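# Coordinate inspection notes
Listed here are the chains, written in short residue letters.
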Amino acid sequence: MSRLLNPSEWQPEGIRCLEPAAESAVKSLTNTLVVAGPGAGKTELLAQRACYLLKTALCPHPRRILAISLKRDAAKNLRERVKLRCGDELARRFDSLTFDAFSKGLLDRFHNALPDTYRPTQEYQLNFDFERRMRNLLDTLPSPENTLTLAQMATIGDRDFYRDHFLAAPLAVPPAAPSSVTQAAAQELWKRLVRTERPSQLDFRMIGRLAELILRQNESILNALRATYSFVFLDEFQDTTNIHYDLTATAFKDSKAIMTAVGDDKQRIMGWAGALQGIFKQFSDEFDATPESLRINHRSAPELVRIQHYLIHALDPTAPIPEHSAEKAHLEGECRVVVYPDHEAEAGHVGEMVAEWIHQDGLRPRDICLLTRQTPDHYTKPITEALRARSIKSRVENDLQDLLAEPLTMTLLAFVRIALMGRCPDAWGVARSAYFDVQGIDPDDAEASDGERALTSHCELLAQTLGTTLADEEAVKSVLSKVMEFIGPEVFRNHHPQYRRGNFYEETLINCARRFAESRQETSNWLEALDDLEGKDSVPIMTIHKSKGLEYHTIVFIGLEDSALWSFRRAPVDETCAFFVAFSRAIARVIFTFSEMRPDRRSANVEAQSRNAIDSLYTLLRQAGVTEENYQPPDAAQTDDSEVPF
């Protein structure tokens, strides 16, 4: 057992020191709002805070710490960082979950505590298609059992209905008499999806509302939750929605739990998904939170930090000037805007640059990231072809990112890697932890060696099975299912809140098997397929939203154009925040591209591009001293008319 420290004895783990504001936040015993810009080390700060609270017993056994993130990879990264800083023993009292997993865990455990009106079937179906299908759902609501008509449904705008009416407010018990057609439609749709459908049809936002209702209606459950968690961390707080905030407030407002919210309102890029404006002030007022601001950017080169100041000032003139860290002082930093005559010239030149960075400068493919505002397949298809011609792999990671961050996927792939390569340290640690945690084996007990032998034996058998497995989805799923049979699927599901009920466990398993089979069909063996699935030696391509919280040596933003940032006129602040997020992912190099001609996103027609609507972004770069360069393809030189073939 680890020796507990006096708070005065504790020192940061794994790093030299903390800046004063970070140290104050780490050691705070009151509610705190930490404003942390890009590269400020939000994950590290929360990991150090968990380490401080656990190692000093300020969070005494058996009390726990709850960390809630918006993204699965953020929750995973924080969980791994705390384990690295604290060790396995103390990290077992640190729960790092997404809001979705936290909500689903409450619903699955306390499903029967819901009133009849809102109680779904025990094995409900997860459905992620409601918003897209809202028009169809509204048109099917009228029935002999209610007074709604098709004419009334036609008056409801389906785009706004889902977020602004169906999910707008905490669920009322009993439901209030509707005062409008939209309220009546919202109540009828809840009834349809939760009570009429068999099994019930839910998505994670509905689950968030149901979880909040469970806590609000059941004092004993609320008290049990509050007795479990002494400290609560809220990550990426600027993107909190009304559903997330209502759940947080019901769970912990006016409780003894000490809250730490961390975020940066200049990186608020989820307004389209319902991120609340003014959430920092609301939290400060309602939770009486002490503000702390971090100034040091530990990620980016000094030149990039200097340019970021111009972007920060445009978003918040009162924000403190960021400072680069001493560890990054040696980096030169580079920012360029390259203007191309067309998308083909862009693809060829970007392919050349990436090849040079890899083959001459020694960067790994995963040190480089291609970003787009939206539809990365559209903007980067010619570039992926140019990279392929240079034997450089690349892939769009938007869908894979969430899948690879799932505990089920991580466990399955760890077992497969051990089967193919032996005891790789990282994979062994993941597989061992998953098996030991589910089976209740203490790594420090004598029985741990028996558990390790059983794990090794199973992986050896898995290697033999893979040798005769066909590269199709069903065969791969059968192999992966055997891994879970060894671990114990029901216990594993109960150990991870998001899998306890519903079809999310099965959907994740199927998705993993399908992706693994697809990779195997493109490669010569299972190890190459595993590397391909995990993205090894592949240049990642993603949208700005998916890049949040990540960092790369080089960022290439493809298509800084009006058509890509089409909502800039309507929401200039939100789009400037997105631009800032894209820029701030880079450690040493940022390149923006503009193509004078590019295929339309909805057709194959090549059309002229403009940048009039987003000129303020180019102005910010010019003010920061970033100059543009016009690229001309090598074969674009003027030729004599006599040399032009007819």
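Let me begin by describing the structure that accompanies this report.

Here is what the cut-offs are and how they apply
Residues numbered from 1 in each chain as written. Predicted model: local features only at pLDDT ≥ 70, side-chain atom pairs only at ≥ 80, totals over all residues. Heavy atoms only, no water. Axes fitted to C-alpha atoms, helices over the stretch in contact; angles between N-to-C directions. Helix = DSSP H or I, 4+ residues; strand = E, 2+ residues; numbered from the N terminus. Parallel < 35°, antiparallel > 145°, perpendicular 65-115°, else oblique. Contact = heavy atoms within 4.5 Å. Nonpolar A, V, L, I, M, F, W, Y, C, P; charged D, E, K, R; others polar. Left-handed = near helix turned anticlockwise from the far one by under 90°. Buried < 20%, exposed > 50% of the residue type's maximum accessible area, 1.4 Å probe, protein only. Lys, Arg positive; Asp, Glu negative; His and termini not counted. Salt bridge = Lys/Arg side-chain N within 4 Å of Asp/Glu carboxyl O. Polar contact = N/O pair within 3.5 Å; in protein donor to acceptor, adjacent residues only side chain to side chain. Pairing = 2+ DSSP bridges.

### Here we look at the packing of helix α8 (residues 158–166) against helix α9 (residues 181–196)
Put simply, α8 and α9 touch, their axes get as near as 10 Å, and they point 85 degrees apart. For the element pair α8 / α9, the angle class is roughly perpendicular. Where α8 abuts α9, its residues Phe161, His165 and Phe166 lie against Thr182, Ala185, Ala186, Leu189, Trp190 and Leu193. Among the residues making up the contact of α8 with α9, the classes are represented as seven nonpolar, two polar and no charged.

### Details of the packing of helix α18 (residues 407–421) against helix α23 (residues 504–521)
Two numbers describe how α18 lies on α23: the axes approach to 10 Å, and their chain directions differ by 40 degrees. Classified by the interaxial angle, the pair formed by α18 and α23 is oblique. Here α18 runs over α23; the crossing is right-handed. Contacts between α18 and α23 involve Leu408, Thr409, Leu412, Leu413 and Val416 from the first element and Tyr505, Thr508, Leu509, Cys512 and Phe516 from the second. Its residues placed into classes, the contact of α18 with α23 shows eight nonpolar, two polar and no charged.

### Some words on the side chain of Asp203
Within the secondary structure, Asp203 sits in the loop between β5 (201–202) and α10 (204–217). The side chain of Asp203 is buried and forms no salt bridge, while Arg205, the nearest opposite charge, is found at 4.6 Å. One polar contact links the side chain of Asp203 to the main-chain amide nitrogen of Arg205, over a distance of 3.2 Å.

### Comments concerning the sheet that holds strand β11 (residues 334–340)
With parallel pairing, the seven strands of this open sheet are ordered in space as β13-β14-β12-β15-β16-β11-β19. The outermost strands of the open sheet, each flanked by one partner alone, are β13 (393–396) and β19 (628–630). Adjacent strand axes in the sheet meet at a mean angle of 25 degrees when their direction is disregarded. Both β11 and strand β16 (residues 586–595) contribute to a ladder of seven bridges, which runs parallel. Note on β16: the bridge partner recorded for Arg336 is Ile591. Running at roughly 150 degrees to β11, helix α15 (residues 343–359) makes contact with β11, β12 (368–372), β14 (538–543), β15 (552–557) and β16 of the sheet.

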